[in-house]
Amino acid sequence: MTSPTANSPADSTDAAGVGRAQIGVTGLAVMGSNLARNLARHGHTVALHNRHADKTDRLIAEHGDEGDFVRTESIEEFVAALQKPRRALIMVKAGQPTDQVIEQLAAAMEPGDIIIDGGNALFTDTIRREHALRERGLHFVGAGVSGGEVGALEGPSIMPGGSVESYKSLGPLLESIAAQVDGTPCCTHIGPDGSGHFVKMVHNGIEYSDMQLIGEAYDLMRRVLGFDAGRIAEVFRDWNGTELESYLVEITAEVLDKSDPQTGGPLVDVIVDAAEQKGTGRWTVKAALDLGVPVTGIAEAVFARALSGARTQRAATKGLAGGTLPTVAEALGGHSETEFIEDIRRALYASKVIAYAQGFDEIKAGSDEHGWGVKPVDLATIWRGGCIIRARFLDRIREAYTSNPELPSLVLDPFFRSAIEEGLDSWRRVVAAAVRLGVPTPGFSSSLAYYDGLRAERLPAALTQGQRDYFGAHTYERVDAPEGKKFHILWSEGGAEIEA
Ligand SMILES: NC(=O)C1=CN([C@@H]2O[C@H](COP(=O)(O)OP(=O)(O)OC[C@H]3O[C@@H](n4cnc5c(N)ncnc54)[C@H](OP(=O)(O)O)[C@@H]3O)[C@@H](O)[C@H]2O)C=CC1
Ligand SMILES: O=C(CO)[C@H](O)[C@H](O)COP(=O)(O)O
């Protein structure tokens with residue numbers, strides 16, 4: 001079963017009994033095995049461990065010749081195989097399995113050693129784990145890893161949190177295997193404790209939003225223009241040559257072009273339309289609610305997946321009335337098919353800017369709340385390659401935060417401001433046509449409403465405040481009084497205003 005290059009447990013230490021692996025990976029499913037191979041391909045000696053040794057043996061049998069691997073079976077053997085300070089990367093299922101593995105490693109490790117969790121952990125779990133392990137003299141690094149199976153092997157984007165000291169030891173290793181853009185690694189120290197996983201969580205929230213928007217663009221071409229999957233693939237391929245150039249747009253064309261091996265028709269037409277989710281998008285929205293940050297596009301994307309997955313309810317409600325719908329020609333208001341496609345492209349771009357703007361807002365709020373000091377420009381830099389949301393316009397986001405690290409919103413940067421202004425009429429036409437034709441576009445619509453909310457001179461929140469004061473004496477501020485000064489109307493006692 002093992003290849004000639006496979007190492008036996010006896011090879012795990014040198015003649016003096018000291019571990020010889022620079023890093024170890026435990027959890028050798030798709031992500032862990034590919035990260036281990038990536039590390040080995042970059043000249044690092046990698047100790048391998050998996051709860052069930054079959055995955056370890058398979059990796060060594062199939063890829064043992066790619067570098068220097070040290071095969072281990074027990075956690076103790078795995079830890080003993082590592083050079084000091086020991087660096088052990090956990091790539092197992094998030095949640096309880098991660099806690100179990102951390103505990104096993106910590107019990108076998110010594111002060112100064114480093115445990116890295118590269119899974120999609122909830123950032124509050126990472127904060128808890130970091131604190132607990134610090135008390136035991138160990139470093140704990142929650143590192144977001146993005147890029148999926150291929151990225152893990154060929155160069156992911158890596159978002160490590162944890163102490164500065166741990167990054168000094170770990171950074172060069174991680175930077176060596178990360179994607180590189182213009183000679184810059186897509187990996188940098190994000191900040192203390194849970195910051196790396198927080199940032200990865202929001203990355204996934206943006207990913208959800210972007211995927212939802214792309215889905216809406218596809219649906220409009222399918223339902224309004226009657227295009228088949230192959231023709232829509234062509235449109236996405238064209239768009240990938242514009243400012244929309246991105247990994248997700250690129251793979252969309254490939255998915256739409258794929259034929260079903262069973263029927264020969266488009267694969268997308270035989271996939272059940274119920275999107276699943278593992279939790280990072282939901283966490284992004286929950287955290288945003290706690291922080292009071294309106295990530296409306298991300299929230300709509302999470303809820304759109306939930307609606308699609310409500311299969312029993314959808315089966316019962318399918319076919320409900322849609323009202324009196326106009327013809328497509330009427331809904332497009334005299335615009336041609338080509339013009340409508342360009343409108344969708346512009347609406348997609350503008351909505352995508354909003355998705356990133358909301359994500360960066362949440363990261364700023366999380367960083368401020370926890371005192372992490374996360375720099376937006378760092379994220380724009382390391383998300384340019386390797387990760388799922390990599391996109392050409394991240395260079396522009398990088399420039400925006402380089403010129404103004406305190407930018408109140410991405411939409412205020414001159415480049416993005418004019419990009420949105422140029423697309424506004426198209427954006428409104430697309431949302432209006434979708435509403436009139438009964439095609440749901442929660443991503444496009446909510447992003448536009450968010451933008452209109454941001455730019456509004458005055459919002460109906462004034463009325464909300466009046467209502468709150470009426471029923472609950474919750475007070476309000478006046479436009480003509482200093483900020484923070486509160487007032488209340490004696491609603492049931494004559495209606496006079498008092499200072500609260
Ligand atoms: N798949 C992806 O595209 C991405 C995944 N991630 C994250 O990376 C991590 C790994 O993902 P992936 O490679 O997909 O693998 P999975 O999330 O499917 O996890 C499988 C691995 O976890 C191990 N495991 C499960 N339970 C335990 C336990 N109680 N004790 C020890 N080991 C356990 C399994 O061991 P065994 O073989 O013995 O069952 C196996 O090695 C996850 O946290 C995931 O969220 C991050 C980015 C992208
Ligand atoms: O982290 C990832 C990519 O960045 C994973 O692929 C993640 O599982 C995607 O999320 P979901 O399964 O909820 O769609």
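Every value quoted in this text rests on a predicted model; they were computed, and no experiment measured them. For every chain, the first residue of its written sequence is number 1, and the numbers climb from 1 along that sequence. Here the convention is simple: chains get letters from A, ligands get numbers from 1, in the order in which they are written. Local features are withheld for residues below a pLDDT of 70 in this predicted model, meaning they are given only at 70 or higher, and side-chain atom pairs are given and counted only at 80 or more; totals for whole chains, interfaces and linings count all residues. Values shown for side chains rest on all heavy atoms present in the structure; no hydrogens or waters enter the calculation.

> Hey, could you go over the site of ligand 1 for me, with residue numbers and the actual values?
Whether a residue is near a molecule or strand depends on its heavy atoms: it is near if one of them lies within 4 Å of it. Taken together, 21 residues surround ligand 1, and among them Asn50, Arg51, His52, Lys55 and Gln100 come closest. For ligand 1, an oxygen atom lies 3.4 Å from a polar atom in the backbone of Leu28. For the purposes of these results, a polar contact is taken to be a pair of N or O atoms within 3.5 Å, where, inside protein, one atom must be able to donate a hydrogen and its partner to accept one; residues adjacent in sequence count only when each atom of the pair is a side-chain atom. The separation between an oxygen atom of ligand 1 and a polar side-chain atom of Lys93 is 3.2 Å. A total of 890 Å² of accessible area belongs to ligand 1 in isolation, and the protein chains cover 80% of it. Secondary structure follows DSSP: runs of H or I at least 4 residues long count as helices, runs of E at least 2 residues long count as strands, and numbering of each begins at the N terminus. For the shell around ligand 1, the secondary structure elements donating two or more residues are helix H1 (30-41) and helix H4 (96-108). Among the elements that take part in the shell around ligand 1, H4 stands out by supplying three residues, more than any other. Note on areas: these come from Shrake-Rupley sampling with a 1.4 Å probe, and a residue is covered only by the protein chains present in the view.

> Residue-level account of the site of ligand 2, with values.
Asn120, Ser146, Lys200, His203, Asn204, Glu207, Tyr208, Gln277, Lys278, Arg305 and Ile388 make up every residue found near ligand 2. A distance of 2.8 Å is found between an oxygen atom of ligand 2 and a side-chain nitrogen or oxygen belonging to Lys200. In this structure, Glu207 approaches ligand 2 through a side-chain N or O atom, which is 2.9 Å from an oxygen atom. Broken down by element, the residue count for the shell around ligand 2 peaks at five residues, all from helix H8 (residues 195-223). Across the shell around ligand 2, the residue classes break down as two nonpolar, five polar and four charged. Classification convention: Asp, Glu, Lys, Arg as charged; Ala, Val, Leu, Ile, Met, Phe, Trp, Tyr, Cys, Pro as nonpolar; all other residues, Gly among them, as polar.

> Describe the confidence of the model for the protein chain, naming the residues involved and giving the relevant values.
Confidence in the prediction for the protein chain averages 96 pLDDT; 97% of positions are at 70 or higher. Confidence of the prediction at every residue is given by pLDDT, a number between 0 and 100. It only takes one pair of heavy atoms within 4.5 Å for two residues to be counted as in contact. This stretch, residues 1-10, has a pLDDT under 50; its non-local contacts, to residues over four places away or in other chains, come to 18 contacts. Taken over the whole predicted complex, pTM reads 0.96, whereas the ipTM for its chain interfaces reads 0.98.

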